[in-house]
Amino acid sequence: MGYRVSAIPHFDSMKILLLHVLLVFSIFMVVAAEDEQPLESTRSLLQAAAPKIDCPSTCLVRCGRNWKNEMCNKMCNVCCNRCNCVPPGTGQETRRICPCYDTMKNPRTGKLKCP
């Protein structure tokens, strides 16, 4: 009597294929889990816990001395709603306190958008 390989010849190759699929799937899941972890750790704790500020009243103060008061308020509110931050005072020297506000640019002109 000879050595019997398998009753179903394709059964072994199907097991190997299934193992490969499971291996690739598990590697994919590990990589996906690792990709999510740095995003959570790099998010600022201040951004996660910061309450929504009152943009209209904050922008009234920011634009109080601006000679184009209506335009200043309009743009300040756009920036405030997007960044949830408005630099204190009325001068340009405090812009860097809010990086999002400080670097937002008008897509058409390339000029700074926020007053």
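Residues numbered from 1 in each chain as written. Predicted model: local features only at pLDDT ≥ 70, side-chain atom pairs only at ≥ 80, totals over all residues. Heavy atoms only, no water.

Per its UniProt entry, the protein bears the Sequence similarities (unreviewed entry) comment "Belongs to the GASA family." (UniProt positions renumbered as here; feature names shortened; annotations may be inferred.)

Draft legend 1. Spotlight on the state of the cysteines. As enumerated under the stated definition, the model contains 6 disulfides in all. Residue Cys55 pairs covalently with Cys80 via a disulfide, S to S 2.0 Å. In this structure, the disulfide formed by Cys55 and Cys80 twists by about -80° around the S-S bond and is classed as left-handed. Note that Cys55 is positioned in helix α3 (residues 55-62) and Cys80 in helix α4 (residues 69-83), a separation of 25 residues in sequence. Under the relative-accessibility criterion, Cys55 is labelled buried at 2%. Note on cysteine connectivity: Cys85 is disulfide-linked to Cys98, with sulfurs 1.8 Å apart. Here the S-S torsion is close to -60°, and the disulfide linking Cys85 with Cys98 is therefore left-handed. (Disulfide = S-S within 2.5 Å. Helix = DSSP H or I, 4+ residues; strand = E, 2+ residues; numbered from the N terminus. Buried < 20%, exposed > 50% of the residue type's maximum accessible area, 1.4 Å probe, protein only.)

Draft legend 2. Quick look at the pattern of salt bridges. According to the stated counting rule, one finds 2 salt bridges in the structure shown. Two residues, Asp102 and Arg95, come together in a salt bridge whose shortest N-O distance is 3.1 Å. The burial state of Asp102 is the same as that of Arg95; both residues are buried. For Asp102, the salt bridge identified is with Arg96, shortest N-O distance 3.2 Å. Residue class for Asp102 comes out buried when judged on its relative accessible area of 11%. In the salt-bridge network here, residues are joined through shared partners; they are Arg95, Arg96 and Asp102. (Salt bridge = Lys/Arg side-chain N within 4 Å of Asp/Glu carboxyl O.)

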